[in-house]
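Architecture and fold: a report
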Amino acid sequence: MTSTADTAPAAPKAKRDRTHYLYIAVIIAVALGITVGLIAPDFAVELKPIGTGFVNLIKMMISPIIFCTIVLGIGSVRKAAKVGAVGGIALGYFMVMSVVALGIGLVVGNILDPGTGLAVTDAVKETGQAQVDAEAKSTTDFLLGIIPTTIVSAFTQGEVLQTLLVALLCGFALQAMGKAGQPVLRGIEHIQRLVFRVLAMIMWAAPIGAFGAMAAVTGASGVDALKSLAVLMLGFYITCVLFIFVVLGAMLRLVAGLNVWSLFKYLGREFLLILSTSSSESALPRLIAKMEHLGVSKPVVGITVPTGYSFNLDGTMIYMTMASLFIADALGTPMSIGEQIPLLLFLLVASKGAAGVSGAGLATLAGGLQSHKPALVDGIGLIVGIDRLMSEARALTNFAGNAVATVLIGTWTKEIDKDRVADVLAGRAPFDETTLLDDHGGSDVEEPRAELPGKGSEKELAKA
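As the structure is a computational prediction, the values presented were derived from the model and not from experiment.

Cut-off values and rules
- Residues numbered from 1 in each chain as written.
- Predicted model: local features only at pLDDT ≥ 70, side-chain atom pairs only at ≥ 80, totals over all residues.
- Heavy atoms only, no water.
- Helix = DSSP H or I, 4+ residues; strand = E, 2+ residues; numbered from the N terminus.
- Buried < 20%, exposed > 50% of the residue type's maximum accessible area, 1.4 Å probe, protein only.
- Contact = heavy atoms within 4.5 Å.
- Areas by Shrake-Rupley, 256 points an atom, 1.4 Å probe, with all protein chains shown as cover.
- Arc of directions from axis to C-beta.
- Polar contact = N/O pair within 3.5 Å; in protein donor to acceptor, adjacent residues only side chain to side chain.
- Salt bridge = Lys/Arg side-chain N within 4 Å of Asp/Glu carboxyl O.
- Expected span 1.5 Å × (residues − 1).
- pLDDT = per-residue confidence, 0-100.
- Axes fitted to C-alpha atoms, helices over the stretch in contact; angles between N-to-C directions.
- Parallel < 35°, antiparallel > 145°, perpendicular 65-115°, else oblique.
- Left-handed = near helix turned anticlockwise from the far one by under 90°.
- Nonpolar A, V, L, I, M, F, W, Y, C, P; charged D, E, K, R; others polar.
- Phe/Tyr/Trp six-rings, centres within 6.5 Å; stacked < 30°, edge-to-face > 60°.
- Lys NZ or Arg CZ within 6 Å of the ring centre and 35° of its normal.

1. As for the overall build of the protein
Secondary structure summary: the protein contains 22 helices and zero strands in total. Across the 464 residues in the protein, those meeting the buried criterion constitute 53%. For the protein, contacts bridging at least 24 residues in sequence account for 83% of all contacts bridging at least 6. When the accessible area of the protein is evaluated, it comes to approximately 20,200 Å², of which 65% is carbon and sulfur surface.

Encoded structure:
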């Protein structure tokens, strides 16, 4: 027994995760950005392009990642009806949770009553009216805008839903081709590995981007704006926290049997990235990769995550509710419950038309109020100063909602490997930060990605 143990081959040495230092650097960069913003606000505002450039680098990768993920997922599923069921359940869930988020914001907004006593000057009114010119679209324009001009323009214009449509069509086409489509799927798999490797390289610029973004927002907002609107900000943040840990946490426990803290700990780096860039889109590619690694099947991840980024905006729903009540109180025209509900239901629909617009929260609010209750648009100028800071909570809440939604929909459709989930959340199956993919065997891709452990194989999907 002793000689056998002596001659046994040593276990392969685990690769050291150097990205651990990367996210420590991000935290330091955020602290430095806040410091610079407070000490030299004028200089800090000039650093905004640094943060914008980093976010744009990540947005550049979103369309190809979504395309590859969906095509590989759908192309490996035999039953097209399964994909349709996932999409239907996802949209139904998104609408229900949007209404719940609106309701919570309505209750808290009426309790806090934060806008009373604020002065609305002519300058504030002009600022509010200027926001109406933002690129918010009508619902009809939004629906027509899902169809790209050409099959390639979906990638060049960076429209998530256009990419989703093209990917769905290509995935179903490859599915119908059967064995003849396998070479194409292998080629797309190679492209997916390339795209995720490029994304991993871009992530090393995260500390620089975080420094520029935080310095700019701190310098632009200033301490005075924070003091005068502290009640609204704190109320909004508290409401978002309650929604995430009470509502979403309860759903995750009841449906999937998971602790929301363990899931968010697994997604800790993504939350840090969103906090430092104030953009939930900056974490979209990593959410796709991590949800697949967690054990949710490719079709569910590929449909739920991109669609959720346009239709499951829980943080934006809460923001629009509380901001509308705040503005109405500040203008001295508080709304009754009978006036609040129609306005908020209108904003619920309007928010879908402004999906993908930069600063969508403020743009949607301005466009919605202009269409439904124009008298309130003058008060939007009151919250422009702190909108960037409130967008942190919006982005974090939207991201948390989409992460939980992916697990829930995977559970409802039986497209999740629960043993894999347990291993990943317990740390026994760590995420590969180098490739952002579960690579088994280097460049050999003869075995389809759908057959990898925890990804929902073709046989498993057929059984489901």
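2. Comments concerning helix α21 (residues 418-425)
Side chains three or four residues apart in an α-helix point the same way, a direct result of the helix having 3.6 residues per turn. All of the buried residues in α21 are Arg-420, Val-421 and Val-424. In a view along the axis of α21, the buried residues occupy a sector of 100°, so they form one face of it. Exposed and facing more than 90 degrees away from the buried side of α21 are Lys-418 and Asp-419. Against α13 (260-266) and α15 (284-294) lie the buried residues of α21. A distance of 3.2 Å separates the backbone nitrogen of Asp-419 from a side-chain oxygen at the start of α21, and that oxygen is part of Asp-417. The positive-phi residue at the C-terminal boundary of α21 is Gly-427, with phi of around 85°.

3. Concerning the pattern of salt bridges
A side chain of one charge can pair with a side chain of the opposite charge if their charged atoms are brought near each other. Inspection of every chain in the model, using the stated rule, returns five salt bridges. The salt bridge partner of Glu-270 is Arg-286, with a shortest N-O separation of 2.5 Å. Here Glu-270 is found in helix α14 (residues 268-277), whereas its partner Arg-286 is found in helix α15, with 16 residues between them in sequence. A relative accessible area of 0% means that Glu-270 is categorised as buried. Measuring nitrogen to oxygen at the nearest pair gives 3.1 Å for the salt bridge that ties Lys-290 to Glu-270. Placement of Lys-290 in helix α15 and of Glu-270 in helix α14 is noted, with a sequence separation of 20 residues between them. The burial state of Lys-290 is the same as that of Glu-270; both residues are buried. Beyond isolated ion pairs, a larger network of salt bridges with shared partners links Glu-270, Arg-286 and Lys-290.

4. Digging into helix α16 (residues 298-311)
In this model α16 runs 19 Å from its N-terminal to its C-terminal C-alpha over 14 residues, within 8% of the 20 Å that 1.5 Å per residue would give. The buried count for α16 comes to 14 of 14 residues, which makes it a mostly enclosed element.

5. Brief notes about the confidence of the model for the protein
Averaged over all residues, the pLDDT of the protein is 75; the fraction at 70 or higher stands at 75%. Confidence scores differ between elements of the protein, with helix α22 (residues 458-463) showing the lowest mean pLDDT of 43 and α13 the highest of 91. In the model, residues 1-14 has pLDDT below 50 throughout and makes zero contacts with residues more than four positions away in sequence or in other chains. Below pLDDT 50 for its whole length, residues 440-464 participates in 54 contacts with residues either more than four positions away or in separate chains.

6. A closer look at the packing of helix α4 (residues 48-75) against helix α9 (residues 160-177)
Interhelical geometry of α4 versus α9 gives an angle of 30° and a closest axis separation of 8 Å. Considering their axes alone, α4 and α9 lie roughly parallel with respect to each other. The element α4 and its partner α9 pack so that their crossing is right-handed. Contacts from Ile-62, Ser-63, Ile-66, Phe-67, Ile-70, Val-71, Ile-74 and Gly-75 of α4 reach α9 at Val-160, Thr-163, Leu-164, Val-166, Ala-167, Leu-168, Cys-170, Gly-171, Phe-172, Leu-174 and Gln-175. When the residues that make up the contact of α4 with α9 are grouped by side-chain class, the tally is 14 nonpolar, five polar and no charged.

7. Details of the packing of α4 against α15
When two helices pack together, their arrangement is given by the angle between the helix axes and the distance between those axes. Viewed as axis vectors pointing N to C, α4 and α15 meet at an angle of 35°, and their least axial separation amounts to 8 Å. Note on element contacts: α15 touches α4 through Leu-284, Pro-285, Ile-288 and Glu-292, opposite Ile-58, Ile-62, Ile-65, Ile-66 and Thr-69.

8. A closer look at the side chain of Asp-314
Here Asp-314 shows up in helix α17 (residues 314-330). According to the relative accessible area criterion, Asp-314 is buried, its value standing at 1%. Not counting residues within four places of it along the chain, the set of residues in contact with Asp-314 comprises Met-97, Ser-98, Ala-101, Phe-243, Thr-397, Asn-398 and Gly-401.

9. What about the environment of Ala-200?
Take Ala-200: it is sitting in helix α10 (residues 182-202). Residue classification places Ala-200 among the buried positions, given a relative accessible area of 8%. C-alpha of Ala-200 to C-alpha of Thr-434: the two residues are 234 residues apart in sequence and 6.2 Å apart in space.

10. Digging into the packing of aromatic side chains
Taken as a whole and judged by the stated rule, the model has eight aromatic pairs. Where Phe-245 meets Trp-261, the ring centres are 4.6 Å apart and the plane angle is 25°; that geometry is what we call stacked. In this pair, Phe-245 sits in helix α12 (residues 230-256) while Trp-261 sits in helix α13, placing the two residues 16 residues apart along the sequence. Taking the relative accessible area as the measure of exposure, Phe-245 reaches 31% and is therefore partly exposed. Ring plane angle 75° and centroid distance 5.1 Å describe the contact between Phe-264 and Phe-271, whose orientation is recorded as edge-to-face. Residue Phe-271 is classed as buried on the basis of its relative accessible area of 15%. Joined through ring pairs, the aromatic side chains of Phe-245, Trp-261, Phe-264, Phe-271 and Phe-399 make up one cluster. Here the guanidinium or amino end of Lys-290 rests over the ring plane of Tyr-266, the centre of that ring lying 4.8 Å away.

11. What about unusual backbone geometry?
Of note in the backbone geometry, Lys-414 takes a positive phi value of approximately 60° without being a glycine. Mapped onto the secondary structure, Lys-414 falls in the loop between α20 (384-412) and α21.

12. A short note on the environment of Ile-202
Take Ile-202: it is sitting in helix α10. For Ile-202, a relative accessible area of 10% gives the class buried. Ile-202 sits 145 residues away from Leu-57 along the chain, and the two C-alpha atoms are 7.1 Å apart.

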